[in-house]
Amino acid sequence: MLTLILAESALETVPEEIQNHPSILKQARAKGKRPNQIILDRSYHHHAMLKLPNNEKRGRPDIVHFSLLSALGTPLNLEGLLKVYVHTIANYVIDVNPKVRLPRNYNRFVGLMEQLFQYGRVPPKSREPLLKLEKKTLKELITQVNPVYVLAFTRKGKMQTLEKAVSKLAEKENSAVIVGGFPHGSFSEETLKLADETACIDPETLDAWTVTSRVIYEYERAIHLPERRLKQLCKK
């Protein structure tokens, strides 16, 4: 079983300190929502965001969108061997039901996230939500998941091939991998301390969805999942 955590992700509602900025108010009116109910997005809110601390790491919900699509459609998830969480830069955690089918359209995804932040779950009144939001730190999440081994991918990590790094994940019965869900910058020191090991797998900074898809595929190969699935097909 592999737990994937998109950490410090650039997904949040508009913070209080910029809710009165003209670009925020304009989009809120267009959506018929209050400023604190819309998702921060650099494509629309760039000038307002310049006033925010760590603004280079914020306002990129598309990273979470692409990464989740890359993860949830994999054979590993279809086999029930993958659990995905999104930890946000504002210390919220999204518990992603493996059966959720996220919209491919970005605007519909943002609308879904706005609903999630407003009601805390999607669907709002479901006893078994497909998405659930809780105020929680990354440390609290890892304590909850209780993996025997945690690997974080970062440019500051030990240089090694992806195959070698993932082989260590596959050796454990319950392991977790941390991938940054932000566009620029590095993990906080608090996040790095939560990992048993850090790995740098390329001289260039790779997109989160690229790392996500490659890690999952290497993990599938390490546990021989492609062969197992093909054998099942041959038996039918």
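Details of the structure are given in the entry above.
Residues numbered from 1 in each chain as written. Predicted model: local features only at pLDDT ≥ 70, side-chain atom pairs only at ≥ 80, totals over all residues. Heavy atoms only, no water.

Asks: What is the right way to read the pairing of strand E2 (residues 82-88) from this model?
Replies: Counting buried positions over the seven residues of E2 gives seven, a clear majority of the element. Where burial is concerned, the two faces of E2 agree: the one with Leu82, Val84, Val86 and Thr88 and the one with Lys83, Tyr85 and His87 are both buried. Where strand E1 (residues 2-9) lies against E2, six bridges are found, and the strand directions are parallel. Within E2, the position partnered with serine 9 by the bridge is threonine 88. For E2 and strand E3 (residues 92-96), the ladder comprises four bridges, and the chain directions are antiparallel. Across the sheet, the residue bridging to tyrosine 85 is aspartate 95, located in E3. (Buried < 20%, exposed > 50% of the residue type's maximum accessible area, 1.4 Å probe, protein only. Helix = DSSP H or I, 4+ residues; strand = E, 2+ residues; numbered from the N terminus. Pairing = 2+ DSSP bridges.)

Asks: Can you help me understand the sheet that holds strand E7 (residues 175-180) in this one?
Replies: By definition, the strands of a sheet pair up through backbone hydrogen bonds, in either a parallel or an antiparallel sense. Here eight strands make up an open sheet; going across it, the order is E4-E5-E3-E2-E1-E7-E6-E8 and the pairing mixed. Only two strands of the sheet have a single partner each, and these edge strands are strand E4 (121-122) and strand E8 (197-200). Looking at chain direction, E1 and E7 are connected through six bridges and run parallel. Looking at E7, one finds that alanine 7 is bridged to glycine 180.

Asks: What should I look at first to understand the side chain of serine 67 in this one?
Replies: Within the secondary structure, serine 67 sits in helix H3 (residues 61-72). Looking at serine 67, the relative accessible area reads 1%, which means it is buried. Here tryptophan 209 takes part through its backbone nitrogen, which lies 3.4 Å from a polar atom of the side chain of serine 67. Discounting chain neighbours no more than four positions away, the residues touching serine 67 are Leu6, Ala208, Trp209 and Thr212. (Polar contact = N/O pair within 3.5 Å; in protein donor to acceptor, adjacent residues only side chain to side chain. Contact = heavy atoms within 4.5 Å.)

Asks: Quick question: what am I supposed to make of the pattern of salt bridges here?
Replies: Side chains that differ in charge, positive against negative, can pair when their charged atoms come close. Applying the stated criterion across every chain yields a total of ten salt bridges. We note a salt bridge from glutamate 12 to arginine 58, for which the minimum N-O separation is 2.8 Å. Placement of glutamate 12 in the loop between E1 and helix H1 (22-31) and of arginine 58 in the loop between helix H2 (42-49) and H3 is noted, with a sequence separation of 46 residues between them. Side by side, glutamate 12 and arginine 58 carry an identical accessibility label, which is buried. The salt bridge partner of arginine 60 is aspartate 62, with a shortest N-O separation of 2.8 Å. By sharing partners, the salt bridges in this structure join Lys31, Lys33 and Glu114 into a single network. (Salt bridge = Lys/Arg side-chain N within 4 Å of Asp/Glu carboxyl O.)

Asks: What's the story with the pairing of E7 in this structure? I'm lost.
Replies: Consecutive side chains of a regular strand alternate in pointing toward one face of the sheet and then the other. Burial analysis of E7 places six of its six residues in the buried class, the great majority of the element. The side-chain alternation of E7 yields two buried faces, one formed by Ser175, Val177 and Val179 and the other by Ala176, Ile178 and Gly180. Pairing of strand E6 (residues 149-159) with E7 involves four bridges; the strand directions are parallel. Note that in E7 the partner of alanine 152 across the bridge is isoleucine 178.

Remember that the coordinates give geometry; whether it matters functionally is a separate question.
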